[in-house]
Amino acid sequence: MAKSSVLGYPRIGENREWKKALEAFWAGKLEESELHKQLQEIRLNHLRKQQDKGIDFIPVNDFSYYDQVLDTAAMFGIVPKRFAYNGGPVPISVYYGIARGTKDAAASEMTKWFNTNYHYIVPEFYGAQPTLTENKPLIAYREAKEKLGIEGKPVILGPFSFLKLSKGYGRSEVDSWLSILLKLYVQVLQELAAEGVQWVQIDEPVLVTKLSNDDVARLRTVYGKIAEAVPGLNIMLQTYFESVDQYKEIVNLPVQGVGLDFVHGLKGNLSAIRQYGFPADKVLGAGVIDGRGIWKASFGKKLELLKELQGLVSADKLLVQTSCSLLHVPVTTKPETKLQPELKNALAFADEKLDEVVLLTQALNNGEASVAEALASNQSDVGALEQSSSRNRSDVQSAVARIESQVPARKSPFAERNSAQQEKWQLPLFPTTTIGSFPQSTEVRKARQSWRKGEWNNEQYSSFIQDQIDAWISYQEEIGLDVLVHGEFERTDMVEFFGEKLEGFAFTQNGWVQSYGSRCVKPPVIFGDVAFKEPMTVEETVYAQSKTDRPVKGMLTGPITIMNWSFVRDDIEREQIAYQLAYALRQEVEALENAGIGMIQVDEPAVREGLPLKEEEQKPYLDWAVKAFRMTTCTVSDTTQIHTHMCYCEFHDMIDSIEEMDADVISIETSRSHGELIHSFEVNTYKHGIGLGVYDIHSPRVPDVQEMTNMIDRALQVLDPKLFWINPDCGLKTRGKEETIASLRNMVEATKLARDKF
Ligand code: GLN
Ligand code: ZN
């Protein structure tokens, strides 16, 4: 008999109760004891759900007060020195201090969890003396058993991945740290075994990244020692997000089960298991239900796959499971009442995925006839969306096919455009500009709410927006900026704004997922072919331009960023979705140009987020991402200046791709990387216009002139002064008005000083 298994469940709760509890506690509005009580209720509720649905292997210890990587570090007492911590279970004040910073100590770094939009807290090993402070998986196991009679499957982040994802140690220290950690893991596992735990899920997602021979040897040592020290315990070695790098080595590690992702790693894992088979003594965790996508699985296809896998493993040794933790999808589609039925019926969030796992297991065990009705309704739901007119727009598809077959290129190469643009715009040396948004004050947010609720009509709202534009155009002129922006007051969010105005998008009411800590995002859903309806930004931009003689930059979000920050359909390639977006946005670019806007910025801060985990897939991704950007921007005349903007650092390994985007000017976040980035642009001799962020916009602090002068001087040592722009790191929407104006004044002052030196 096959069994059903889940790798992890979202923690935020159906109505984000988790987020609310955390934030109330941080604000001092909730006692610590009350926090524990509320979170326990949420946690038990999630376990109960899985129990009621009939999941055989229910994960415990997947719940967290913030982040599971931070939990692992806290469990081992790995707390940076700057926090007052004296051993024992990490107090909640220290735990949240590491995550969020305290008034005396900076928070630990936060970074992306593989290629998802979840972010984890990076453990700092420097100076740590790990010990087991409390056995969290054991506590979670006991709770589930005592309160609900659940024989839970504790989930732990494995030692190999834990160390790889941490920092604060040198290459030569890897083995010594690993052996320190190993002892602690053994202790955790021995206590679990003594308690009678049957199966433990050890997550090793790093096994889908490139592994060296040394790594493989380390894995053998680590899992060999665990097998020796805890012989009675079943270990499910769990991987996800891609196919494993060294299949043969990994499936032969001395563990009782191996979990593979047959959704995001389908190609690699399937061909490996076909070629090399699967060890007869092991359980295969077949991750067939997409833990990251929001769509119903097509049962027909999944059953075909499962039957093939069943044929490759021993009887009773197959688990039907989610491809990864369900952390990455919203909780349930139940509260969605506003989506069109063909869309809603094709969605499966976490709870619906639990049903899917159970159903597929039943179909395998008892025959398809036993669940015939469910299979039929699945087929009709999935089919209805597949065949819907919104997914089959020949107008979009043929237009995109046509432009896709052309090489998207501007009329002239950069050098020629650059001189034409200089002649037209007559900008001073080191032109100054901003990234787009200005402070979204309470007043602005209130106005938008009133309008959304229908308390304000369109005229009221747009005249309010115009007043904001008026005010900020005159501030910008007073400050002395060279290229102005309208300020983006009409936008809540740079993706949602465009999604609402394009066809092919839908918005859920409650489709929240955790991004980091208590922060949740509600990504738009790209469910159909994307199409341009009518100009989206022309009115505000043209209005702003009518108020000044200086150039006003139009402001758009680029195709790759819109795609990477949305849930996207999975029936066509992401590349195709990007091209559809590009085609739609190109029409906006053209509309702006036709309306007399001569500088247009297409923001692509999220290009790097979509970078595939497998090295060999990175270049093809970057190639089509670049192509999509070029499709968006290539039709304008030479004198129209195309800007782009990127932030979130770590662009050093994709400078070539950035150059190929062929924007006339790029503005890039630099100050947080302490100028490191400047160097990459020099080494790679980036030859287009470039604006380096001269100050961090994440803090209300007003940087002084000298600070910015230092940044500028440093950059000018390596960059061509004729191509150099000066701007803040990113948009200013989270800042206050006074500090924004003061900072920009200093920036203009620093620019003047720099100009005097040339
Ligand atoms: N134009 C956007 C803004 O200024 C860019 C935001 C971003 O890079 N994340 O807000
Ligand atoms: Zn930015």
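Rules behind the numbers
- Residues numbered from 1 in each chain as written.
- Chains lettered and ligands numbered in written order.
- Predicted model: local features only at pLDDT ≥ 70, side-chain atom pairs only at ≥ 80, totals over all residues.
- UniProt positions renumbered as here; feature names shortened; annotations may be inferred.
- Contact = placed C-beta atoms within 7 Å.
- Helix = DSSP H or I, 4+ residues; strand = E, 2+ residues; numbered from the N terminus.
- Core = buried A, V, L, I, M, F, W, Y, C linked by C-beta atoms within 7 Å.
- Buried ≥ 20, exposed ≤ 12 C-beta atoms within 10 Å, placed from the backbone.
- pLDDT = per-residue confidence, 0-100.
- Pairing = 2+ DSSP bridges.
- Axes fitted to C-alpha atoms, helices over the stretch in contact; angles between N-to-C directions.
- Near = placed C-beta within 6 Å.
- Nonpolar A, V, L, I, M, F, W, Y, C, P; charged D, E, K, R; others polar.
- Parallel < 35°, antiparallel > 145°, perpendicular 65-115°, else oblique.

(A) Representation of the UniProt feature "binding site: L-homocysteine" (unreviewed entry) in the chain within the structure. UniProt annotation of "binding site: L-homocysteine" (unreviewed entry) refers to Ile435, Gly436, Ser437, Glu488 and Asp603 when read in the numbering used here. Sequence-wise these annotated residues cover 169 residues; spatially they are packed, their C-alpha atoms never more than 12.9 Å apart. Excluding residues within four positions of it along the chain, Ile435 makes contact with His645, Ser667, Asn727, Pro728, Cys730 and Gly731. Position of Gly436 among the secondary structure elements: in the loop between helix 16 (414-425) and helix 17 (442-452).

(B) Structural context of the nonpolar core. Counting residues in each nonpolar core, the largest one holds 214 residues, and the members touching the most others are Ala286, Leu360 and Leu581. Of all the elements, helix 22 (residues 574-594) adds the most residues to this core, at 10 residues. Discounting chain neighbours no more than four positions away, the residues touching Leu581 are Val530, Pro559, Ile562, Met563 and Ala628.

(C) Representation of the confidence of the model for the chain within the structure. Taken residue by residue, the chain gives an average pLDDT of 96. The fraction at 70 or more is 99%. Among the scores for the predicted complex, ipTM is 0.99 and pTM is 0.95.

(D) Spotlight on the sheet that holds strand 1 (residues 3-5). Spatially, 8 strands are ordered 1-10-9-8-7-6-5-2 in an open sheet, and the strand pairing comes out parallel. The open sheet is flanked by strand 1 and strand 2 (59-60), the only strands paired with a single partner. Pairing analysis gives 3 bridges linking strand 7 (residues 234-238) to strand 8 (residues 257-261), with the strands arranged parallel. By the bridge assignment, Gln238 is partnered in strand 8 with Gly259.

(E) Molecular detail of the UniProt feature "binding site: Zn(2+)" (unreviewed entry) in the chain. Within the UniProt annotation, "binding site: Zn(2+)" (unreviewed entry) is assigned to His645, Cys647, Glu669 and Cys730. In sequence the annotated residues extend across 86 residues, while in space they remain close, none of their C-alpha pairs exceeding 8.3 Å. By the secondary structure assignment, Glu669 is in the loop between strand 19 (665-668) and helix 25 (676-683). Along the chain, Cys730 falls in the loop between strand 21 (724-727) and helix 27 (737-757). In this view, Cys730 contacts Ile435, Cys647, Glu669, Gly693 and Ile697; residues no more than four positions away in its chain are not counted.

(F) Focus on the sheet that holds strand 21. Strand order in the open sheet made by the 6 strands is 15-17-18-19-20-21, with parallel pairing throughout. At either end of the open sheet lies a strand with only one pairing partner, and these are strand 15 (553-557) and strand 21. The mean inter-strand angle of the sheet, taken between neighbouring strand axes irrespective of direction, is 25°. When strand 19 meets strand 20 (residues 689-693), the two strands line up parallel, connected through 4 bridges.

(G) The environment of Pro59, seen in detail. Topologically, Pro59 is positioned in strand 2. Owing to 26 C-beta atoms within 10 Å, Pro59 belongs among the buried residues under this scheme. A sequence separation of 545 residues divides Pro59 from Glu604, and the C-alpha atoms of the two residues are 37 Å apart. Once residues within four sequence positions are removed from consideration, Pro59 is found in contact with Val6, Leu7, Gly8, Tyr9, Lys153, Val155 and Gln201.

(H) Structural context of unusual backbone geometry. Phi at Phe114 is positive, roughly 50°, even though this residue is not glycine. Structurally, the position occupied by Phe114 is in the loop between strand 3 (110-112) and strand 4 (119-121). The partly exposed category is assigned to Phe114, around which 18 C-beta atoms lie within 10 Å. We note that Phe430 has phi near 50°; this positive angle belongs to a residue other than glycine. Summarising the element assignment, Phe430 is placed in the loop between helix 16 and helix 17.

(I) Fine view of the site of ligand 1. The environment of ligand 1 is made up of 13 residues, and the closest members are Ile435, Gly436, Ser437, Pro605 and Gly731. Residues of the shell around ligand 1, tallied by class, amount to 6 nonpolar, 4 polar and 3 charged.

(J) A look at the packing of helix 15 (residues 394-405) against helix 22. The geometry of helix 15 relative to helix 22 is characterised by a closest axis approach of 10 Å and an angle of 95° between their N-to-C directions. When the axis of helix 15 is compared with that of helix 22, the two are roughly perpendicular. Only Tyr579, Gln580 and Tyr583 of helix 22 make contact with helix 15, whose side of the interface consists of Val396, Ala399, Val400, Ile403 and Glu404. Its residues placed into classes, the contact of helix 15 with helix 22 shows 6 nonpolar, 1 polar and 1 charged.

(K) Main features of the pairing of strand 19. Neither face of strand 19 is open: one carries Val665 and Ser667, the other Ile666 and Ile668, and all of them are buried. Direction of pairing for strand 18 (residues 641-646) relative to strand 19: parallel, over a ladder of 4 bridges. Paired with His645 across the strands is Ser667, a residue of strand 19.

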